[in-house]
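One-letter residues, chain by chain:
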Amino acid sequence: MFPASTKTPHKQPRKQSISIGRGTRKKDEDSGTEVGEGTDEWAQSKATVRPPDQLELTDAELKEEFTRILTANNPHAPQNIVRYSFKEGTYKLIGFVNQLAVHYTQVGNLIPKDSDEGRRQHYRDELVADSQESAKVVISETENLEEDEEPKELETEPGSQTDVPAAGEAEKVTEEELMTPKQPKEQKLTNQFNFSERASQTFNNPLRDRECQMEPPPRTNFSATANQWEIYDAYVEELEKQEKTKEKEKAKTPVAKKTGKMAMRKLTSLESQTDDITKVSQAAKIVERMVNQNTYDDVAQDFKYYEDAADEYRDQEGTLLPLWKFQNDQAKHLSVTALCWNPKYRDLFAVGYGSYDFMKQSRGMLLLYSMKNPSFPEYMFSSDSGIMCLDIHVDHPYLVAVGHYDGNVAIYNLKKPHSQPSFRSSAKSGKHTDPVWQVKWQKDDMDQNLNFFSVSSDGRIVSWTLVKSELVHIDVIKLKVEGSTTEVPEGLQLHTVGCGTAFDFHKEIDYLFLVGTEEGKIYKCSKSYSSQFLDTYDAHNMAVDAVSWNPYHTKVFMSCSSDWTVKIWDHTIKTPMFIYDLNSAVGDVAWAPYSSTVFAAVTTDGKAHVFDLAINKYEAICNQPVAAKKKNKITHVQFNPIHPIIIVGDDRGHIICLKLSPNLRKMPKEKKGQEVQKGPAVEIAKLDKLLNLVREVKTKT
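The rules we used
- Residues numbered from 1 in each chain as written.
- Predicted model: local features only at pLDDT ≥ 70, side-chain atom pairs only at ≥ 80, totals over all residues.
- Heavy atoms only, no water.
- Helix = DSSP H or I, 4+ residues; strand = E, 2+ residues; numbered from the N terminus.
- Buried < 20%, exposed > 50% of the residue type's maximum accessible area, 1.4 Å probe, protein only.
- Contact = heavy atoms within 4.5 Å.
- Areas by Shrake-Rupley, 256 points an atom, 1.4 Å probe, with all protein chains shown as cover.
- Polar contact = N/O pair within 3.5 Å; in protein donor to acceptor, adjacent residues only side chain to side chain.
- Pairing = 2+ DSSP bridges.
- Axes fitted to C-alpha atoms, helices over the stretch in contact; angles between N-to-C directions.
- Patch = residues over 30% accessible without salt bridge, like charges linked within 9 Å, V, L, I, M, F, W, Y side chains within 5 Å.
- Salt bridge = Lys/Arg side-chain N within 4 Å of Asp/Glu carboxyl O.
- Lys, Arg positive; Asp, Glu negative; His and termini not counted.
- Charge placed at Lys NZ, Arg CZ, Asp CG, Glu CD.
- UniProt positions renumbered as here; feature names shortened; annotations may be inferred.
- Expected span 1.5 Å × (residues − 1).
- Core = buried A, V, L, I, M, F, W, Y, C linked by side-chain atoms within 4.5 Å.
- pLDDT = per-residue confidence, 0-100.

A.B. asks: I would appreciate a short explanation of the overall build of the chain in the present structure.
C.D. replies: The number of helices and strands found in the chain is nine helices and 32 strands. Counting every position in the chain, which comprises 701 residues, the buried fraction comes to 33%. Here the analysis covers contacts within the chain between residues at least 6 apart in sequence; of these, 48% occur between residues at least 24 apart. Of the accessible surface of the chain, which amounts to about 50,500 Å², a share of 52% is contributed by carbon and sulfur atoms.

This is the structure we're talking about:
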């Protein structure tokens, strides 16, 4: 505590008052006056004045000493800094904290005299000073020489030597002046301490950590030890197999032995191959696709991005751009008898191979190609009889139903890629007696059994049901030619059988279907009536090759024939709405999946015809030869469900993929302020508008 301060009212402290008093006395003595007043004020008692908040302490407390130790620690330094230790993997408290507190810093460039740099700088300054002094001396000497050159009368005593310099000496002086190099101008040294520090503060981009989390690939640890016993057992098993095969060969006849040996060799070779190939079959297939993708990269680019710009300058006409060509050496001499896209995998399609020539019937093949690998089929099946038609199940895209030339039907399962079909009809279980021209999958029956229909030249339409791994058939209807009954003398009536060639089921009405015949007639039938037809159309003069319902309009269907014509019908009217003559036998027709007015037809002269009734009701907007060779006949055509491409097949086993130009797939244009309406209702209205025009003309005529 601080001692209390003392104060006397209106008086100065004693020491000051004494000194002041002496001074006043001197002044008074000098002035001649005596001072004796105020001597009693110094003898007055002192009164201590304390502040109101001062503590009252005793003498012992006042005399008590408090020692305070001063340290160099910074009181503001933090004591609880925690940092992460990567070594131990935990946060740890830092024991040592920097206690240095900087109060003033000054950045400079002073150099100590004793350092090497200081000595070099001092030596450099001395050289500059010496050069300046030598220059001054030379200048003064030249001035003296100029003064001495003036004529002067020198008085000399006879016989004495003069101090005048000789001419040679003067010349030496001038030479020295010339030889001395000119010193550079003195440069003013900058003040190294006169500088300003400039700093700029910029925004640092925040650091970002990007992480991706993925599941590690599955791993399994496999370990096995092979000892002598296991090796011995493997050899014993191999010997037992060889002994069994020898016993079987002994029991066979000599002819059977030869055939058996060949079969065994094939089997052993196949087994040895399959042991090696099956392990890498999936990888080999992927590599093959990659190689083909590089090989046909330009075709893939055209398929994906190319649009024919010339369509803008054509008058409502389009073109077909050839893309891939699919062919196989094993199906070289067979005709393409059926085409069908897979309903689930849009790049996969099935091809049936056979022959339409009655005199050249041989084997058949079923191939499934993918646009990702045009060089080799994904699946390959062979049959003893030619395949004339096929269809892929909508809900089970791995099931393929086929019809053969010998009247049998079969079902192939792509999940079991064996050479033989999973299910097949036979003469014992029942089959057609003539070639099967078309098959169509139907919805499952009441017992959830798979079933499909087939049509044949024997005049029967048969329903095949898969019950307990067996094909059970029921005749739905028998085709009879009306007005062709003949009476036999015994009183019996013989009906002329109609030869069915094509049929198609209605998209909405399940029981309704159409059947085309070799006589050129089209029958509208029902699954419920097996004895009569709902309606008959005198469609063509020759065999009907294809019948197809419109995918949008429920009343419209289309037919084509070998009489060179394509006809579009309203099933409520017995006369065709549109007739097109293509100047050659029409092999197949197909509706486009994206429009109700677009369809394609192929003819035996190797041409493909694409129509759009909304653009031109009288002729095709595209007539283009698409066959690989001029002599090849185009047999079938199919639209891809989603991509703007078609595939066509010919009688030499070639399949060609073609892309439709923009004019062949025109959609309604957008108008300002109006949204383009799309959907089935718009397509139905578009076709209805055309049909109404035709109906009005027919009613007038």
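A.B. asks: When you look at the side chain of Asp 570 in this model, what are you seeing that I'm missing?
C.D. replies: Within the element layout of this structure, Asp 570 appears in strand 24 (residues 565-570). Within the local environment of Asp 570, its side chain forms a polar contact with the side chain of Thr 572, the two groups lying 2.9 Å apart.

A.B. asks: I would appreciate a short explanation of the sheet that holds strand 29 (residues 622-625) in the present structure.
C.D. replies: Hydrogen bonds between backbone groups are what pair the strands of a sheet, and the pairing can be parallel or antiparallel. A sheet is described by the order of its strands in space; here four strands give the open sequence 26-27-28-29, paired in antiparallel fashion. Pairing within the sheet leaves two strands with one partner each, and these edge strands are strand 26 (586-591) and strand 29. Neighbour to neighbour, the strand axes of the sheet diverge by 15° on average, direction disregarded. Note that strand 28 (residues 607-612) and strand 29 share four bridges and pair antiparallel. Paired with Val 610 across the strands is Cys 622, a residue of strand 29.

A.B. asks: So what exactly am I meant to see when it comes to a negative patch on the surface here?
C.D. replies: On the surface, Glu 230, Asp 233, Glu 237, Glu 238, Glu 240, Glu 243 and Glu 247 cluster together into a patch of negative charge. Tracing the backbone through its elements, the reader meets Glu 240 in helix 5 (residues 228-251). Here Glu 240 falls in the partly exposed class, since its relative accessible area comes to 42%.

A.B. asks: Which parts of the structure should I look at to understand the UniProt feature "repeat: WD" (unreviewed entry) in the chain?
C.D. replies: The sites that UniProt annotates as "repeat: WD" (unreviewed entry) are residues 537-570. Measuring from the first to the last C-alpha atom of residues 537-570 gives 11 Å, for a span that is 0% helix and 59% strand.

A.B. asks: Help me understand unusual backbone geometry, please; the structure alone is not making it clear to me.
C.D. replies: Glycine aside, the phi torsion of most residues is negative, and most peptide linkages are trans. Of note in this structure, Trp 564 is not a glycine but carries a positive phi near 80°. Relative to the helices and strands, Trp 564 resides in the loop between strand 23 (556-561) and strand 24. With phi around 65°, Asn 583 is a residue other than glycine that occupies positive phi space. Here Asn 583 is to be found in the loop between strand 25 (578-581) and strand 26. Assessed through its relative accessible area of 58%, Asn 583 is described here as exposed.

A.B. asks: What am I meant to see in the sheet that holds strand 32 (residues 655-660) here?
C.D. replies: Spatial strand order, 3-32-31-30: four strands in an open sheet with antiparallel pairing. Of all strands in the sheet, those with a lone pairing partner are strand 3 (320-326) and strand 30 (634-639), marking the two edges. Across the sheet, the mean angle separating the axes of adjacent strands is 25° when strand polarity is ignored.

A.B. asks: I tried to follow helix 5 on my own but got confused; where do I start?
C.D. replies: Side chains three or four residues apart in an α-helix point the same way, a direct result of the helix having 3.6 residues per turn. Relative to the 34 Å expected for 24 residues at 1.5 Å per residue, helix 5 spans 35 Å between its end C-alpha atoms, a close match to the ideal helical length. Little of helix 5 is tucked away, with zero of its 24 residues classed as buried.

A.B. asks: Explain the pattern of salt bridges to me, please; I cannot follow it from the model alone.
C.D. replies: Oppositely charged side chains are able to pair whenever their charged atoms sit close together. Applying the stated criterion across every chain yields a total of 13 salt bridges. Among the ionic pairs, Glu 117 bridges to Arg 120, the shortest N-O distance being 2.8 Å. Placement of both Glu 117 and Arg 120 in helix 3 (residues 116-148) is noted, with a separation of three residues, approximately one turn of the helix. Here Glu 117 falls in the partly exposed class, since its relative accessible area comes to 35%. Arg 120 sits in the partly exposed class, given a relative accessible area of 45%. For the salt bridge of Lys 440 with Asp 504, the shortest nitrogen-to-oxygen distance reads 4.0 Å.

A.B. asks: How should I be thinking about the nonpolar core in this particular structure?
C.D. replies: Inside soluble globular proteins, nonpolar side chains tend to come together where they are buried. If you look at the biggest cluster of nonpolar residues, it comprises 22 residues, and the most contacted ones within it are Val 566, Ile 568, Phe 578, Val 589, Phe 599 and Leu 613. Every element with two or more residues in this core is listed here: strand 23, strand 24, strand 25, strand 26, strand 27 (598-603) and helix 9 (680-700). With residues up to four places along the chain from it excluded, the contact list for Phe 599 reads Met 558, Val 566, Ile 568, Tyr 580, Ala 590, Trp 591, Ala 592, His 609, Val 610, Phe 611, Leu 613 and Phe 639. Formed by 21 residues, the second largest nonpolar core is a distinct cluster that contains Leu 334, Leu 339, Tyr 353 and Leu 367.

A.B. asks: Would you mind showing me how to read the confidence of the model for the chain here?
C.D. replies: Detail in the predicted coordinates should be disregarded across regions flagged by low pLDDT. This prediction gives the chain a mean pLDDT of 77; 76% of its residues lie at or above 70. Of the regions scoring below 50 in pLDDT, residues 1-36 engages in 20 contacts with residues more than four places distant in sequence or in other chains. Here residues 151-167 is a poorly scored stretch, pLDDT under 50, and it has two contacts once near neighbours within four places are set aside; other chains count.

A.B. asks: Help me understand the side chain of Thr 337, please; the structure alone is not making it clear to me.
C.D. replies: As for its position among the elements, Thr 337 is in strand 4 (residues 335-341). A polar contact of 2.4 Å, which involves the side chain of Thr 337, links it to the backbone oxygen of Ile 387. In this view, Thr 337 contacts Gly 352, Tyr 353, Gly 354, Ser 355, Tyr 356, Ile 387, Met 388 and His 636; residues no more than four positions away in its chain are not counted.

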